[in-house]
Amino acid sequence: MNRDQATEISATSHSVDVGEATTRYLLYGLLPSWFVPGVADWVMHRRTRIEDTAGTKESLIHSLMMAEVGIPIALTLRYEINPLLLSVQLAGTAAHEATALWDVRTAVESDREVRPVEQHIHSFLESLPFGALSALMCLHHDQVKSLLGGGRSDPDAWRLVPRRRPLSPGYLAGIGVAIGACVLLPYGEELLRCVRAGRRRRKKTEKGE
């Protein structure tokens, strides 16, 4: 064996599978990093006293946005990528973008100050879904082609198919805990705070104060 052959074998044995690397990035990089701007956005809402301005309406919009992203994520963690799941992901991403515009408009019209830092946080929250979806579409280009063809060549195209290689229970549990701690808990607190503030205002109005 000459030197060139040995070098080629060594390079092959140490080569990185692009698909596996991208999947690891999505699971252990992009998805966990999503929680950071989410919590930061909640902090900005609290600092600008959302309960005294846009109140419950804007908080409910935030809940809607989380559902638009959360449902596709939950399905992707449990099921194979196919035309049906890609359609859900595309619809969720488009709806999230439209709702994000509605969110900012609601905040501005209610005189809640949307500071430059919060606007920068929004840029992350709006771009991450596109980044995740584009990576998934590159990984599953065959399913994108099937979607464009109406899924006629795949009998399982329009039903949810459990993952052939399920994610580990430990990973799913960790993501679940992170969602609870970084999404459900802070934004549930925000909604409760807004509802209580709205009730106090209504009581004062009824008393004529």
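Asks: Before we move on, can you summarise the overall build of the chain with the specific residues and values?
Replies: Secondary structure summary: the chain contains seven helices and zero strands in total. When its helices and strands are written in sequence order, the chain yields α-α-α-α-α-α-α. A compact globule built from 209 residues should have a C-alpha radius of gyration of about 17 Å, whereas the chain, at 22 Å, is more than 25% larger. Its C-alpha atoms put the chain at 90 × 45 × 30 Å along the principal axes. In the chain, which comprises 209 residues, the proportion classed as buried is 35%. Counted over contacts in the chain with a minimum sequence separation of 6, partners at least 24 positions apart contribute 85%.

Asks: Please give an account of the packing of aromatic side chains that cites residues and values.
Replies: Centre-to-centre distance and the angle between the planes together describe a pair of aromatic rings. If you walk through the whole model with that rule in mind, you get one aromatic pair. When the ring of Tyr28 is compared with that of Tyr171, the centres are 5.1 Å apart and the planes differ by 70 degrees; the resulting orientation is edge-to-face. Residue Tyr28 is located in helix H2 (residues 18-47), and its partner Tyr171 is located in helix H7 (residues 169-207); the two are separated by 143 residues in the primary sequence. What makes Tyr28 exposed here is its relative accessible area of 55%.

Asks: Got a sec to walk through the packing of H2 against H7? Specific residues and values, please.
Replies: Where H2 contacts H7, the axes come no closer than 10 Å and their chain directions differ by 15 degrees. Accordingly, the angle class assigned to the pair H2 and H7 is roughly parallel. Between H2 and H7 lies a crossing of left-handed hand. Touching Leu27, Tyr28, Leu31, Phe35, Gly38, Val39, Asp41, Trp42, His45 and Arg46 of H2 are Tyr171, Ile175, Ala178, Ile179, Cys182, Val183, Pro186, Tyr187, Glu189, Glu190 and Arg193, all from H7. Of the residues assigned to the contact of H2 with H7, the class counts are 14 nonpolar, two polar and five charged.

Asks: Could you give me a rundown of the packing of helix H4 (residues 83-109) against helix H6 (residues 141-148), with the residues and numbers involved?
Replies: Helix-helix packing is characterised by the crossing angle of the two axes and by the distance between the axes. Contact geometry of H4 with H6 gives a least axis separation of 9 Å together with a crossing angle of 85 degrees. Between H4 and H6, the interaxial angle falls into the category roughly perpendicular. Contact residues: Pro83, Leu86, Ser87 and Leu90 in H4; Gln143, Val144, Ser146 and Leu147 in H6.

Asks: Tell me about unusual backbone geometry, and please be specific about residues and values.
Replies: A positive phi angle is found at Arg49, which is not glycine, with a value near 55 degrees. For Arg49, the location among the structural elements is in the loop between H2 and helix H3 (55-78). Judged by its relative accessible area of 46%, Arg49 is partly exposed. In this structure, Asp111 takes a positive phi of about 70 degrees despite not being glycine. A relative accessible area of 65% means that Asp111 is categorised as exposed.

Asks: How would you summarise H2 if you had to cite specific residues and measurements?
Replies: Here H2 contains 30 residues, and its C-alpha end-to-end distance of 42 Å stays within 8% of the 44 Å for a straight helix at 1.5 Å per residue. Most pronounced at Leu26, the bend in H2 amounts to some 35 degrees. Here the buried face of H2 lies against H3, helix H5 (116-139) and H7. Structurally, the start of H2 carries an N-cap: the backbone nitrogen of Gly19 is 3.0 Å from a side-chain oxygen of Asp17.

Asks: Can you break down H5 residue by residue, with the values?
Replies: Here H5 is 24 residues long and its end C-alpha atoms lie 35 Å apart, about the 34 Å a rise of 1.5 Å per residue gives. If you look at H5, its biggest bend is around 25 degrees, right at Ser127, and the proline Pro129 turns up within four residues after that. For H5, the set of buried residues is Glu118, Ile121, His122, Leu125, Leu128, Pro129, Ala132, Leu133, Ala135 and Leu136.

Asks: For a positive patch on the surface, give the residues involved together with the corresponding values.
Replies: A cluster of basic side chains, namely Arg196, Arg199, Arg200, Arg202, Lys203, Lys204 and Lys207, defines a positive patch on the protein surface. Positionally, Arg202 belongs in helix H7.

Asks: An account of the environment of Ala74 is requested, with residue identities and associated values reported.
Replies: Along the chain, Ala74 turns up in helix H3. Taking the C-alpha atoms as reference points, Ala74 and Ile175, 101 residues apart in sequence, are found 9.9 Å from one another.

Scoring rules and cut-offs
Residues numbered from 1 in each chain as written. Predicted model: local features only at pLDDT ≥ 70, side-chain atom pairs only at ≥ 80, totals over all residues. Heavy atoms only, no water. Helix = DSSP H or I, 4+ residues; strand = E, 2+ residues; numbered from the N terminus. Rg over C-alpha atoms; globule rule 2.2 N^0.38 Å. Buried < 20%, exposed > 50% of the residue type's maximum accessible area, 1.4 Å probe, protein only. Contact = heavy atoms within 4.5 Å. Phe/Tyr/Trp six-rings, centres within 6.5 Å; stacked < 30°, edge-to-face > 60°. Axes fitted to C-alpha atoms, helices over the stretch in contact; angles between N-to-C directions. Parallel < 35°, antiparallel > 145°, perpendicular 65-115°, else oblique. Left-handed = near helix turned anticlockwise from the far one by under 90°. Nonpolar A, V, L, I, M, F, W, Y, C, P; charged D, E, K, R; others polar. Expected span 1.5 Å × (residues − 1). Bend = angle between axes of the 7 residues up to and from the residue. Polar contact = N/O pair within 3.5 Å; in protein donor to acceptor, adjacent residues only side chain to side chain. Patch = residues over 30% accessible without salt bridge, like charges linked within 9 Å, V, L, I, M, F, W, Y side chains within 5 Å. Areas by Shrake-Rupley, 256 points an atom, 1.4 Å probe, with all protein chains shown as cover. Salt bridge = Lys/Arg side-chain N within 4 Å of Asp/Glu carboxyl O. Lys, Arg positive; Asp, Glu negative; His and termini not counted. Charge placed at Lys NZ, Arg CZ, Asp CG, Glu CD.

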